Amino acid sequence: MEWTTLFNIALGAILINNFIFSQFLGICPFMGVSKKMDTAAGMGFAVIFVMGLASALCYPVNLLLNALGLKYMQTVAFILVIAALVQLVEMFLKKTIPTLYQALGVYLPLITTNCAVLGVVLLNVQEGYNFIESVVYGITGGAGFLLAIVLFASIRERLEFADPPKAFKGFPIALVAAGLMALCFMGFQGLKIF
Amino acid sequence: MNIGKQLKDGLLTQNPVLVQLLGMCSTLAITTTVSNGIGMGLSVTIILTLSNIFISLLRRIIPEQVRIACYIVVIAGFVTMVDLLLQAFFPDIAESLGVFIPLIVVNCIILARAESFASKSKPLPAAIDGICQGLGYTMILLVMSAIRELLGAGTLNGVRVFPAEYAANILILPVGGFLTLGCLIALMQWIQRKVKGGK
């Protein structure tokens, strides 16, 4: 296993091709739950967890589909795996770590429809990553999401007290702020080392 | 039944993107060229209409507890169908939309309409609702992609309008997506306030 490849994947997923700012995956939860810092962080950690697990689980599922010649069932199979996974994680956390379960609250079921999760699984297949690469890509992609949502939540907490033109109040000014953050993240494009 | 009201809701007062703020990911990601915008908008409209009809037909059979999972399976089936059809007949569009075609499964517009409208109404109104909401979504994609392609690349649906040197490249980049959508939603809020103030 080449460590540099893994490092490259991780760096790409967190900074250069950040899921939010350059691939536009997971915008809905990014906009929806970034009003407060602590809920944003909770959502971010839940996403890391589910994205890592989903990447690991969908790898054998994809092999199985290919072996059976059912490649066209990819989307259906993956979304079912993700939905079942989220449900399982929810039940497991409820039994074993109730404090974490309460902290994540309603965000857990919402992750099923987070396109970053389905996106990372589909991208794994598209890029032809092997098992370890897939898991690394899943976890670091989630980490990139966490970074983006925490940074954005801290900006939004300040935005509450800002005084934009009336038409821009609320959602539009948040989108403009996100656009400026995307501009900052473009600076990482030059970071390709290997 | 009230087709006019549903159409007005879908296009303006309850527009899925500008007012309900759903389906952000695809709206921001694929509106770099007009042909992408039209392709994506029509695909979503077709899937939304079909899934609305199906879910409305199945509304008495689907058990309450597992309804979200059932909706997702229905939607995923139609998405796969459209994906394969696009690959077969419009390979260029399928190529440039890439991973965002299968991602229609998790497009919140479709799930939101299934949950809030199709699961409570008869097949015909559900179908009309699907078409109207889909058209509202397509309209926004069209407006956004026209703005971004014209100002960002100097072309409109591939036809050159002014030389590329004068184009503001930034609008084609991710930044441009956020800024354009922010301005459009601000415009919508401004109009809504004016209309309310006029009454």
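Residues numbered from 1 in each chain as written. Chains lettered and ligands numbered in written order. Predicted model: local features only at pLDDT ≥ 70, side-chain atom pairs only at ≥ 80, totals over all residues. Heavy atoms only, no water.

I keep staring at the confidence of the model for chain A and nothing clicks. Help me out?
Detailed reading of predicted coordinates is not advised where the pLDDT is low. Per-residue pLDDT for chain A has a mean of 86; in total, 95% of the residues score no lower than 70. Taking the mean pLDDT of every element in chain A, the minimum, 72, falls on helix H6 (residues 107-110) of chain A and the maximum, 92, on helix H8 (residues 131-159) of chain A. (pLDDT = per-residue confidence, 0-100. Helix = DSSP H or I, 4+ residues; strand = E, 2+ residues; numbered from the N terminus.)

Would you mind going over the pattern of salt bridges with me for this structure?
Residues and elements named next belong to chain B. This model, assessed by the stated rule, comprises four salt bridges over all chains. We note a salt bridge from Lys 5 to Asp 9, for which the minimum N-O separation is 3.1 Å. In this pair, Lys 5 and Asp 9 both sit in helix H1 (residues 3-13), four residues apart, roughly one turn of the helix. Residue Asp 129 is joined to Arg 113 by a salt bridge in which the shortest nitrogen-to-oxygen separation is 2.9 Å. With Asp 129 in helix H7 (residues 123-153) and Arg 113 in helix H6 (residues 108-116), the pair connects residues that are 16 residues apart, well separated along the chain. A residue is classified by how much of its surface remains accessible, and Asp 129, at 4% relative accessible area, is buried. (Salt bridge = Lys/Arg side-chain N within 4 Å of Asp/Glu carboxyl O. Buried < 20%, exposed > 50% of the residue type's maximum accessible area, 1.4 Å probe, protein only.)

I would appreciate a short explanation of the packing of aromatic side chains in the present structure.
One pair of aromatic rings is described through two measures. These are the centre distance and the angle between the planes. Applying the stated criterion to the full structure yields ten aromatic pairs over all chains. On the basis of an interplanar angle of 80 degrees and a centroid distance of 5.4 Å, the ring pair of Phe54(B) and Phe78(B) is categorised as edge-to-face. A residue pair is termed long-range when its members are at least 10 positions apart, and Phe54(B) in helix H3 (residues 34-57) and Phe78(B) in helix H4 (residues 67-89) qualify at 24 residues. What makes Phe54(B) partly exposed here is its relative accessible area of 41%. Among the aromatic side chains, those forming a connected cluster through ring pairs are Phe21(A), Phe24(A), Phe30(A), Phe152(A), Phe185(A), Phe188(A) and Phe178(B). (Phe/Tyr/Trp six-rings, centres within 6.5 Å; stacked < 30°, edge-to-face > 60°.)

Quick question: what am I supposed to make of the side chain of Thr180(B) here?
Residues and elements named next belong to chain B. In this structure, Thr 180 sits in helix H8 (residues 174-198). With relative accessibility at 7%, the residue Thr 180 sits in the buried group. At a separation of 2.5 Å, a polar atom in the side chain of Thr 180 contacts the main-chain carbonyl oxygen of Gly 176. The residues touching Thr 180, leaving out its near neighbours within four places in the chain, are Met 144, Ile 147, Arg 148 and Leu 171. (Polar contact = N/O pair within 3.5 Å; in protein donor to acceptor, adjacent residues only side chain to side chain. Contact = heavy atoms within 4.5 Å.)

Before we go on, may I ask you to explain the packing of helix H4 (residues 74-96) of chain A against helix H7 (residues 115-127) of chain A in this structure?
All names here are of chain A. Remark: H4 packs on H7, axes separated minimally by 10 Å, with the N-to-C direction vectors making an angle of 135 degrees. Here H4 lies oblique to H7, going by the angle between them. The chirality of how H4 crosses H7 is right-handed. Taken together, the residues of H7 that come into contact with H4 (itself represented by Gln 74, Phe 78, Ile 79 and Ile 82) are Val 117, Leu 118, Val 121, Leu 122 and Val 125. Looking at side-chain class alone, the contact of H4 with H7 contains eight nonpolar, one polar and no charged residues. (Axes fitted to C-alpha atoms, helices over the stretch in contact; angles between N-to-C directions. Parallel < 35°, antiparallel > 145°, perpendicular 65-115°, else oblique. Left-handed = near helix turned anticlockwise from the far one by under 90°. Nonpolar A, V, L, I, M, F, W, Y, C, P; charged D, E, K, R; others polar.)

Where do I start with the environment of Ile131(B) in this structure?
Residue and element names in this part refer to chain B. Along the chain, the position of Ile 131 falls in helix H7. A sequence separation of 108 residues divides Ile 131 from Gly 23, and the C-alpha atoms of the two residues are 16 Å apart. The contacts of Ile 131, once residues within four sequence positions are left out, are Thr 45 and Thr 49.

Mind showing me how you'd approach the interface of chain B and chain A here?
The figure often quoted for interface size is the accessible area lost as the parts come together. Across the contact, 34 residues belong to chain B and 35 residues belong to chain A. Both faces combined, the contact of chain B with chain A buries some 3000 Å², and carbon together with sulfur accounts for 86% of it. When residues of chain B are sorted by the area they lose upon contact with chain A, Cys25(B), Val106(B) and Phe178(B) head the list and together hold 21% of the total. Between the two partners, chain B and chain A, sit zero residue pairs in polar contact (both at pLDDT 80 or more). (Buried area = accessible area lost by both parts, 1.4 Å probe.)

Which parts of the structure should I look at to understand the environment of Gly177(B)?
All names here are of chain B. Mapped onto the fold, Gly 177 is located in helix H8. Taking the relative accessible area as the measure of exposure, Gly 177 reaches 0% and is therefore buried. For Gly 177 and Ile 30, which are 147 residues apart along the polypeptide, the C-alpha to C-alpha distance reads 9.1 Å. Beyond its immediate chain neighbours, meaning those up to four positions away, Gly 177 contacts Leu 28, Met 144, Arg 148 and Leu 171.

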